[in-house]
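# Observations on the model geometry
So you can see what is in the structure, the chains are spelled out below.
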Amino acid sequence: MKHLVDKLEENHELTRDEWVRLISSYGDEDLREYAASRAREASTAIFGKNIYFRGIIEYTNFCRNDCYYCGLRLSAPDTTRYRLTPEQIMDCADEGYRLGYRTIVLQGGETAYFEAKNGKRMVDIVRAIKTKYSDVAITLSMGEMKHEVYQALFDAGADRYLLRHETASADHYKKLHPEKMSFDNRMACLQKLRDIGFQAGPGMMIGSPGQGAEELAEDMLFISRFEPHMVGMGPFQPHHATPFHDQPSGSVELTLFIVSLVRLLRPKLLLPATTALDCDVNDGRQRAILAGANVIMPNLSPEGLKKNYLLYDNKPGITQSAEENLVKLRSLVEEIGYTMVVGRGDHPDRVKEGV
Ligand code: SAH
Ligand code: SF4
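Here's a quick rundown of the structure. (Residues numbered from 1 in each chain as written. Chains lettered and ligands numbered in written order. Predicted model: local features only at pLDDT ≥ 70, side-chain atom pairs only at ≥ 80, totals over all residues. Heavy atoms only, no water.)

## Concerning the pairing of strand β2 (residues 55-60)
- Across the six residues of β2, six count as buried, placing the element largely inside the fold.
- The sheet contact formed by β2 and strand β3 (residues 103-108) spans five bridges and is parallel. Bridge pairing in β3 places threonine 60 opposite glycine 108.
- In this fold, β2 hands off to helix α4 (residues 86-99), which returns the chain to β3; that crossover is right-handed. (Buried < 20%, exposed > 50% of the residue type's maximum accessible area, 1.4 Å probe, protein only. Helix = DSSP H or I, 4+ residues; strand = E, 2+ residues; numbered from the N terminus. Pairing = 2+ DSSP bridges. Right-handed = clockwise from strand over helix to strand, strands pointing away.)

## Observations regarding the side chain of histidine 165
- Counting through the fold element by element, histidine 165 comes out in the loop between β5 (160-162) and α7 (170-176).
- Within polar-contact distance, the side chain of histidine 165 engages the side chain of aspartate 219 at 2.9 Å.
- Those residues in contact with histidine 165 that lie beyond four places of it in its chain are Tyr173, Arg186, Met187, Leu190, Pro202, Gly203, Met204, Asp219 and Phe222. (Polar contact = N/O pair within 3.5 Å; in protein donor to acceptor, adjacent residues only side chain to side chain. Contact = heavy atoms within 4.5 Å.)

## A look at the sheet that holds strand β6 (residues 199-201)
- Read across the sheet, five strands follow the order β2-β3-β4-β5-β6 without closing on themselves; strand pairing throughout is parallel. Each having just a single partner strand, β2 and β6 make up the two edges of the open sheet. Recorded for the sheet is a direction-independent mean angle of 20° between the axes of neighbouring strands.
- With five bridges connecting them, β3 and strand β4 (residues 137-141) associate as parallel partners. (Axes fitted to C-alpha atoms, helices over the stretch in contact; angles between N-to-C directions.)

## Thoughts on the pairing of β3
- Across the six residues of β3, six count as buried, placing the element largely inside the fold.
- Here β3 shows no split at all, with Thr103, Val105 and Gln107 on one side and Ile104, Leu106 and Gly108 on the other all buried.
- For the handedness criterion, the β-α-β arrangement of β3, helix α5 (residues 112-132) and β4 is classed as right-handed.

Shape is all these values report; function is a separate question.
Structure (C-alpha cells):
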C-alpha cells in the first residue's frame, strides 16, 4: 500500500476505491509509520518545526441540539449549564494575550441566545476583542447559524470558523444525529462560511459509530472538493450520558493515520493535534504532530468551569489553569523538537493574500 501513499503525495488525490483500500490497511504499522514520516516531511517543508498555538475559550455549554455523541446535548441530564458573560470572556482573552496567544478560539454549544438579533451578542464580543487586540485572530465554533449571522460575525472581524461536517456520508450523518438535524444544512453552512471569506474548518470524528473505510473515503473526497483551510479531527470518545455511552472510542492509530493522509492530500492545511487524542493515551497530541499536525489548542476557559464543558468523558487538562495547560503543552511540543509560535498562524494562502 505504500505505493498509494506515494501516489497521494505526488498527485494530491486518490480515487474512492484507492482511498478505501488505503484506509482499510491502517492495521499495518509499517504503512502508518511510512505515511507519518512522509506527512511530517510535507508539514516541515511548509511550516518548519513551528506549531501554532490557539487559546480556546469554551464560552457556553448550553446547546439546542441533540447530537447522539456529545455530552453537551440538550437531553444530557447531568450537565451543569453555564454561559460566560462578555466580561468573563474578555478576562480569558486578556489572559490569553498575556500568555502569548494570537489566536483566540470561541467555542460553545449551538444556542439561540447567541444567534438572536443577528448574532449581536457574539458580534459585540468579537468586536471588543479585535478592538483591544488588533493583532489577534478570532476563530469561532458556535454551530449552525443563519447566514446573516455568519456575515455579521465576519464583518465584526472574525477570521476563521470551525464547523466539523462530522461525516460526508448523508446516511452516516443520520446515524449520528436526530431526525431534525440536517446534513444538507450543515454542508450549506460550511459553503456559506467559505463564500463569506472565513478560513473554514470542517472535520470529522474518527471511529464514530457506523463509520468504516467507505465513510472515511467520502470524507477524503469531500476535503478534496471543498478545499478547506483547516480540518479538525479527533477520535470519537464516549460520554456516559449519551445514546452512544457504550460505544468503543475511536482508535488513536487510525486517527493519526488519517491526519497523515490529510496532510499529504493538502499539505498547506492547518491541522490540529486535538485534545480527544489524549483521552486514552498521554502522548496522542505529540504523536499527531509527528504524524503531520501543526496546530495545538490549549484551554483558556475559566478554572472551575472546565469540568462542565465535557463533550466526552476523560477529557484531559480540566483541573489545570490556563497557564499550567500552556506550559504543559509547550513542553510536550518542545520535547519532540518543535517550537510554539507566537503569531496568528494563518493558512499560508491567506498570508499571501494579506487578509
Ligand atoms: N456546537 C459546536 C461546537 C462544539 S462541539 C458544533 O457542534 O459545531 C465541537 C466538536 O466536538 C464537534 O463538531 C464534534 O466533532 C466534537 N465532539 C463532540 N462530541 C464528541 C465526542 N463524544 N467525541 C469526540 N468528539 C466529539
Ligand atoms: Fe451541541 Fe455541538 Fe455537542 Fe452537537 S456537537 S450537541 S451541536 S455542542
